[in-house]
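Coordinate inspection notes
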Amino acid sequence: MCGIIAAISRDDGLENAVISALERLEYRGYDSAGIAYLDRNQPVLCRIRATGRIENLKRKIAQRHIDGTIGIGHTRWATHGGVTEENAHPHACNGVAIVHNGIIENYQQLKERLKRNGYCFDSETDSEVIATLIAYNISDGLDFTGAFLKSIRELTGTYAIVAIHEKEPNTLLGAKNGSPMTVGLSPDGMNFYVASDAVALSSLAENIAYLEDGDCIIAENSDPAIAYKILDKSENEVVRQVVPNSISLKSVNKGGYETFMLKEIFEEAVVAAATYDGLDCNVDITKYGAISIIACGTSYYAGLLAKYFIEELAQIHVDVEVASEFRYRNPVLSPNSLYVFISQSGETIDTLCAMRLVKQRGYKTLALINVDGSSIAREADIVIKTASGIEIGVAATKTFIAQSLSMLMLCQKKEDIKMDQITSSINAVLNNCQQIANAAEKMKGSKGLVYIGRGISYPIALEGALKIKELAYISAEGYPAGEIKHGPIAIVDEDVYTISIAPYDKHFEKTISNTQEILARNGKILLITTKNSAGAVAGIVDHDNVDVLFLCDVEWPYQAFCMATAIHLLAYYTSKAKGHDVDKPRNLAKSVTVE
Ligand code: F6R
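The structure reproduced in this document is the subject of the present report. It should be emphasised that the depicted structure is a prediction, and the values quoted were computed from it without experimental measurement. (Residues numbered from 1 in each chain as written. Predicted model: local features only at pLDDT ≥ 70, side-chain atom pairs only at ≥ 80, totals over all residues. Heavy atoms only, no water.)

**Notes on empty space enclosed by the protein**
Leftover empty space is mapped by rolling, across the atoms, a probe with the size of a water molecule. The final tally for this structure, using the stated rule, is 3 cavities of 30 Å³ or more. Size it by volume and the largest cavity reaches roughly 60 Å³. Lining the largest cavity are Cys2, Arg76, Trp77, Thr79, His80, His89, His100, Gly102, Thr125, Asp126 and Ser127. Looking at side-chain class alone, the lining of the largest cavity contains 2 nonpolar, 7 polar and 2 charged residues. (1 Å grid on protein atoms, 1.4 Å probe; cavity = no way out; pocket = protein on both sides within 12 Å on 5 of 7 lines; lining within 4 Å. Points joined across faces, edges and corners; volume = space filled by probe spheres on them. Nonpolar A, V, L, I, M, F, W, Y, C, P; charged D, E, K, R; others polar.)

Set out below in structure tokens:
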């Protein structure tokens, strides 16, 4: 959460580099954005900040000419303090400016101490204390680097921080603990960058290095070239491996689609095929007595779906847990279990910390990630990378497909998986998108939505409810269809839509009975089923309150994939129908690096 970029620019490209990086980082948070830089001719600190999208910041920047050599930028996902310009980064104090991603847990104590020393604060953020603390340590006689290193040692919490100081205009400093940070030089060596992820540097640096927790970076715009060094937590100089930046700009565009999310949903069949082709899963899960899957959000639902796959096909017990609960409840671990961590970004702090807990206790960890070089990828014992390509839309879509298929490939032999059924049924849904758009038009005014399903349709129901909540801002819940009579059915009336996910599988009759119970209470229904149920649904489809979406007849468990595509499109079109920004839904960010 929050995107940071910093640059030393020996040519005149500072503004372009920082702004283009911020645009690519906007998916990490879009409550406000800002930059600070030192003017090339007269090194005074200049700061420009704006609430809302980068567009607002760009409009402000257009009013002046930025001619700087060194600068920092930030996109904010608000944690401490509302969405105001005062709370926007960079924060500054006495010529020191910083941007920060993470949470400083002891900021109140530090703030009180600094106030007692006469310092004032302009914002409600935890981050401002960092700039003030550095300024205070400078006033105490330290140079910028010494003050920075001393200040970092006083912080508790998670952070990726970069700092500049107008009195030392050739120095750029950074530090990382818990939040990701990467560094790279431009191919001609004229520019040096620090950023919160490789995407930010996709057009700037071909090779990058990932910093480790406790690392600090000291970069100097010196002659004849930019020089930088990395210090580890004991302040010893270390070398971090330089790797190619695998993110290419080509993959960071909408490819002719109106939004990234629509493009990414329309890639779901291709991503499934690429996942299948690219993955040779040589993990033998049969040697484990049980499997624990730990993840958050949509990745958690991919884990829940995997439970149905693995228990049915491999007959191995599977637990699935939300990472933020797992890590704090002193879990009882077993040496016979395989611990699987699913995370698209590879940076979700709860999933990362849950994995560290398992590793500390000496057990085997497998990570299913989509981002090379991410923290989870670097720390897991076994890594499986999904072949989704970068996902920019804040809501996970194609990565859910890739995660779910990768998990299926852990328990079903590659040659036994009927990929043609998966891809053709997804494509059929995509070809039928207008019908889903029509259903969305009907649902957009609902006061609430209920998604129900049994078996593999239950995790899909949960995923559908999450997706429509985050995109269309309609209160929605996913339930096992058999559970609704235990309470949830009380909310059903003519203003509540139920999305009943009932492929023609062994649960079909029971889910239809539950659907009838809702219909009997005047609820409106969108029934998502498969074509081979046509005879069996005859009694329900003629009802005025029922719309039906027929998917292809495919074997268990391949329906999971086209059902996922259908509920992704449904959320997409409902959000569009309500006029929302589907790529950047309110209050969210793509990479969740705070607890
Ligand atoms: C929902 C969504 C989130 C993420 C969750 C975990 O559309 O995108 O619920 O799935 O934040 O993120 P990762 O997979 O990066 O760990």
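Still more to cover.
**Quick word on the layout of surface pockets**
Counted as a void, the largest pocket has a volume near 660 Å³. Along the wall of the largest pocket there are 34 residues; nearest its centre are Cys296, Gly297, Thr298, Thr348 and Val592. Looking at the lining of the largest pocket, the elements that each hand over two or more residues are helix H8 (297-313), strand S18 (337-343), helix H10 (349-360), helix H12 (398-411) and helix H15 (457-472). It is H8 that contributes the most residues to the lining of the largest pocket, 5 residues altogether. The residue makeup of the lining of the largest pocket, split by class, is 15 nonpolar, 12 polar and 7 charged. The calculated volume of the second largest pocket comes to roughly 550 Å³. Its residues assigned to classes, the lining of the second largest pocket comprises 9 nonpolar, 13 polar and 11 charged. Structurally, the lining of the second largest pocket is a two-domain feature, drawing no fewer than three residues from each of domain 1 (3-249) and domain 2 (257-417). (Helix = DSSP H or I, 4+ residues; strand = E, 2+ residues; numbered from the N terminus. Domains from an automatic or database assignment.)

**Regarding the pairing of strand S13 (residues 226-231)**
Along any regular strand the residues' side chains alternate between the sheet's two faces. Pairing of strand S12 (residues 216-221) with S13 involves 6 bridges; the strand directions are antiparallel. Its bridge partner being in S13, cysteine 216 is matched across the sheet by leucine 231. With antiparallel pairing between neighbouring strands as the criterion, S12 and S13 make up a hairpin whose turn holds 4 residues. Looking at chain direction, S13 and strand S14 (residues 237-238) are connected through 2 bridges and run antiparallel. (Pairing = 2+ DSSP bridges.)

**Section: the side chain of serine 345**
Counting through the fold element by element, serine 345 comes out in the loop between S18 and H10. A relative accessible area of 9% means that serine 345 is categorised as buried. Looking at serine 345, its side chain comes within polar contact range of the main-chain nitrogen of glutamate 347, at 3.1 Å. Ignoring sequence-local partners within four residues, the contact set of serine 345 consists of Val371, Ser374 and Ser591. (Buried < 20%, exposed > 50% of the residue type's maximum accessible area, 1.4 Å probe, protein only. Polar contact = N/O pair within 3.5 Å; in protein donor to acceptor, adjacent residues only side chain to side chain. Contact = heavy atoms within 4.5 Å.)

**Some thoughts on the pattern of salt bridges**
Applying the stated criterion across every chain yields a total of 31 salt bridges. In this structure, the salt-bridge partner of lysine 58 is glutamate 23, at a minimum N-O distance of 2.6 Å. Of this pair, lysine 58 sits in helix H2 (residues 54-61) while glutamate 23 sits in helix H1 (residues 14-25), placing them 35 residues apart in sequence. Residue lysine 58 is classed as partly exposed on the basis of its relative accessible area of 31%. In this structure, lysine 469 engages glutamate 477 in a salt bridge whose closest nitrogen and oxygen atoms are separated by 4.0 Å. Note on lysine 469: relative accessible area 34%, which makes it partly exposed. With a relative accessible area of 34%, glutamate 477 lands in the partly exposed category. A single salt-bridge network, built from bridges that share partners, covers Lys176, Asp213, Arg356 and Glu379. (Salt bridge = Lys/Arg side-chain N within 4 Å of Asp/Glu carboxyl O.)

**Side note on the pairing of strand S22 (residues 476-480)**
Bridge analysis of strand S21 (residues 448-453) against S22 gives 5 bridges, and the strand direction is parallel. By the bridge assignment, valine 450 is partnered in S22 with glutamate 477. Running through H15, the crossover from S21 to the neighbouring parallel element S22 is right-handed. (Right-handed = clockwise from strand over helix to strand, strands pointing away.)

**Concerning the environment of phenylalanine 341**
Along the polypeptide, phenylalanine 341 turns up in strand S18. Between the C-alpha atom of phenylalanine 341 and that of aspartate 197, which follows or precedes it by 144 residues, the distance is 20 Å. Those residues in contact with phenylalanine 341 that lie beyond four places of it in its chain are Ile294, Thr351, Ala354, Met355, Val358, Thr365, Leu366, Ala367 and Leu368.

**Describing H8**
End to end, H8 covers 25 Å across 17 residues, agreeing with the expected 24 Å (1.5 Å per residue, within 8%). Along H8, the residues classified as buried are Thr298, Ser299, Tyr300, Tyr301, Ala302, Gly303, Leu304, Leu305, Ala306, Phe309 and Ile310. Turning to H8, the residues buried within the fold contact strand S16 (290-295), strand S17 (317-322), S18, H12, H15 and helix H18 (559-577). Phi turns positive one or two residues past the end of H8, at glutamine 315, with a value near 55°. (Expected span 1.5 Å × (residues − 1).)

**Focus: the sheet that holds strand S15 (residues 242-244)**
Taken in spatial order, the 8 strands line up as S3-S2-S4-S1-S10-S9-S11-S15 in an open sheet, and their pairing is antiparallel. Each edge of the open sheet is held by one strand with a lone partner, namely strand S3 (45-51) and S15. Taken over all neighbouring pairs, the strand axes of this sheet differ in orientation by 20° on average, direction set aside. Pairing geometry for strand S1 (residues 3-9) and strand S4 (residues 68-76), over 6 bridges, is antiparallel. By the bridge assignment for S4, isoleucine 5 is matched with glycine 73. Running at roughly 15° to S4, H1 makes contact with S1, strand S2 (32-39), S4 and strand S10 (191-195) of the sheet. Strands in contact with H2 are S2, S3 and S4; relative to S3, the strand with the most contacts, it is inclined by about 140°. (Axes fitted to C-alpha atoms, helices over the stretch in contact; angles between N-to-C directions.)

**Points about the environment of isoleucine 48**
In this fold, isoleucine 48 is placed in strand S3. Taking the C-alpha atoms as reference points, isoleucine 48 and alanine 33, 15 residues apart in sequence, are found 8.7 Å from one another. The residues contacting isoleucine 48, other than those within four sequence positions of it, are Ala33, Gly34, Ile35, Tyr37, Leu57, Lys60, Ile61, Arg64 and Ile66.

**A look at the packing of aromatic side chains**
Tallied over the entire structure, the rule returns 8 aromatic pairs. Ring geometry for tyrosine 257 against phenylalanine 266: centres 5.6 Å apart, planes inclined by 35°, an arrangement best described as tilted. In this structure tyrosine 257 comes out as partly exposed when scored by relative accessible area, which is 32%. Residue classification places phenylalanine 266 among the partly exposed positions, given a relative accessible area of 23%. Ring geometry for tyrosine 572 against tyrosine 573: centres 5.2 Å apart, planes inclined by 80°, an arrangement best described as edge-to-face. Its relative accessible area of 16% is what places tyrosine 573 among the buried residues. The ring of tyrosine 276 has lysine 414 sitting right over it, with the charged end atom 5.1 Å from the ring centre. (Phe/Tyr/Trp six-rings, centres within 6.5 Å; stacked < 30°, edge-to-face > 60°. Lys NZ or Arg CZ within 6 Å of the ring centre and 35° of its normal.)

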